[in-house]
Amino acid sequence: MSKTRRQSSAPGTLNRNDVAVEVEVYTDKDYFLPGEKLTGKIYVVAKESVRVDKLVAVIEGFNHVAWQEDKRSIEYAEDVKLFEERVLVRSFSKPIPVGRFYFDFSYLVPEFLPSSFNVDTVARNLKWEDIRMHVATVNYSIRAVLERLDEPVGRVSGQPFIIHAPPEKTETVVKEDITEQVKTFGCFPRGYITVSLTIDKSSYKNNDVMSIRLEVTNMTPLPCKNIIAVLFRKLKVLAQRSQRNIRTKEYMIEFEDVPSGERATYVKDVQLQNVLPTTCSRNIKCNYVLAVRCEVPFSTNIDLTLPVTTIIAPSEEHEQSCPPLQLYKPWKD
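Residues numbered from 1 in each chain as written. Predicted model: local features only at pLDDT ≥ 70, side-chain atom pairs only at ≥ 80, totals over all residues. Heavy atoms only, no water.

(A) Structural detail: the state of the cysteines. As enumerated under the stated definition, the model contains zero disulfides in all. No disulfide involves Cys294; its sulfur sits 4.7 Å from that of Cys224, the nearest cysteine. With relative accessibility at 0%, the residue Cys294 sits in the buried group. (Disulfide = S-S within 2.5 Å. Buried < 20%, exposed > 50% of the residue type's maximum accessible area, 1.4 Å probe, protein only.)

Here it is as structure tokens:
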């Protein structure tokens with residue numbers, strides 16, 4: 001029985017079973033700020049001499065949203081490419097010989113990019129119970145490609161990276177530094193109630209402690225009850241010309257009742273952990289609000305709200321295992 005011998009590829013060409021060259025890219029760190037220079041190295045392993053025209057770094061950003069509604073079992077989903085840029089790293093005038101080589105590269109991250117974002121949950125305790133699940137992500141990645149006649153050559157692998165937008169780059173940032181709100185509700189002739197809500201600042205980073213100060217003056221004949229403070233995440237997602245507003249409780253604090261004729265001051269500290277960043281992209285808008293509610297005797301409730309900006313990079317970082325640099329040579333023309 002004869003055996004068919006596989007023919008080897010000619011130098012600089014590939015067949016379906018051969019990979020003459022492999023390309024990997026690694027950034028110097030996991031996250032970057034808008035307007036910052038992204039730097040890293042591209043590693044090329046040539047198993048045979050390969051003729052290519054250029055080495056290009058491709059940087060991309062994607063926006064994905066989806067949600068499903070129980071009542072009609074309709075799923076809305078949309079993927080949007082936020083941007084794509086191709087950066088010429090090197091042009092080649094000669095074939096790449098057999099060996100291992102590395103190339104330094106840099107790229108200036110655009111100023112307009114929103115923060116990386118990732119929420120993927122099955123809704124259980126949301127205000128809108130007809131939302132079964134919702135997904136909202138903003139992801140960025142970089143890959144390096146060897147090209148010949150504008151066609152990719154060899155095996156390519158990419159790497160994700162994180163954009164951490166500072167407050168001045170975030171469209172949904174609180175424009176004014178609002179950290180206090182006071183409301184007085186008169187129950188004439190039965191007295192009045194004054195509620196003052198204060199936070200130590202309007203913007204918080206990951207693992208920061210939010211200090212909440214609440215003062216309640218109860219000049220009515222009955223106690224002021226059921227006083228709670230809730231940090232809400234307000235997420236707006238858009239897909240297929242439809243939109244959904246999804247509000248989620250991040251933290252809730254309960255306060256003691258305030259007896260008649262007394263004034264109470266409460267100070268509570270909340271450490272913000274695993275909170276998504278305030279962000280605004282083409283299909284996603286996320287911000288936060290701290291809300292306080294007090295039940296008022298003889299009347300409706302008193303509601304106070306303060307906007308809160310979270311300046312937080314996603315907590316999941318991509319561990320890098322770069323190849324040992326001593327095994328590679330810097331490319332020289």
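Back to the write-up after that little detour.
(B) Representation of unusual backbone geometry within the structure. Phi at Leu149 takes a positive value of approximately 55°, unusual for a residue other than glycine. Along the polypeptide, Leu149 turns up in the loop between β8 (131–148) and β9 (151–153). Classification of Leu149 by relative accessible area gives exposed; the value is 68%. In this structure, Asp150 is a non-glycine residue whose phi angle is positive, near 65°. (Helix = DSSP H or I, 4+ residues; strand = E, 2+ residues; numbered from the N terminus.)

(C) Geometry of the side chain of Ser281. Topologically, Ser281 is positioned in the loop between β19 (279–280) and β20 (284–295). Here Ser281 is in contact with Asn63, Pro114 and Val138, once residues within four sequence places are set aside. (Contact = heavy atoms within 4.5 Å.)

(D) Structural detail: the nonpolar core. Counting residues in each nonpolar core, the largest one holds 76 residues, and the members touching the most others are Ile42, Leu55, Phe103, Phe117, Leu146, Met210 and Leu214. Every residue in contact with Leu146, bar those within four places of it in the chain, is listed here: Val21, Val23, Val44, Val52, Lys54, Leu55, Phe92, Ile96, Glu151, Pro152 and Val153. Membership of the second largest hydrophobic core comes to five residues, among which are Tyr26, Tyr43, Val45 and Tyr328. (Core = buried A, V, L, I, M, F, W, Y, C linked by side-chain atoms within 4.5 Å.)

(E) Quick peek at the sheet that holds strand β6 (residues 99–108). With mixed pairing, the five strands of this open sheet are ordered in space as β10-β1-β3-β6-β22. Where the open sheet ends on each side, the last strands, each with one partner, are β10 (155–156) and β22 (329–330). Of the pairings in the sheet, the one linking strand β1 (residues 21–27) to strand β3 (residues 37–46) comprises seven bridges and is antiparallel in character. Looking at β3, one finds that Thr27 is bridged to Gly40. (Pairing = 2+ DSSP bridges.)

(F) Local environment of the side chain of Thr27. By secondary structure assignment, the location of Thr27 is in strand β1. Assessed through its relative accessible area of 2%, Thr27 is described here as buried. Among the polar contacts made by the side chain of Thr27, one reaches the main-chain carbonyl oxygen of Lys29 at a distance of 2.8 Å. A polar contact of 2.8 Å, which involves the side chain of Thr27, links it to the side chain of Gln159. (Polar contact = N/O pair within 3.5 Å; in protein donor to acceptor, adjacent residues only side chain to side chain.)

(G) Broad picture of the confidence of the model for the chain. Considering every residue of the chain, the mean pLDDT works out to 80; 81% of them sit at 70 or more. Contacts of residues 1–18 to residues separated by more than four positions or lying in other chains number 21 contacts, the stretch itself having pLDDT below 50. Here residues 123–130 is modelled with pLDDT under 50, and outside its nearest four sequence neighbours on either side it reaches 18 contacts, counting other chains as well. (pLDDT = per-residue confidence, 0-100.)

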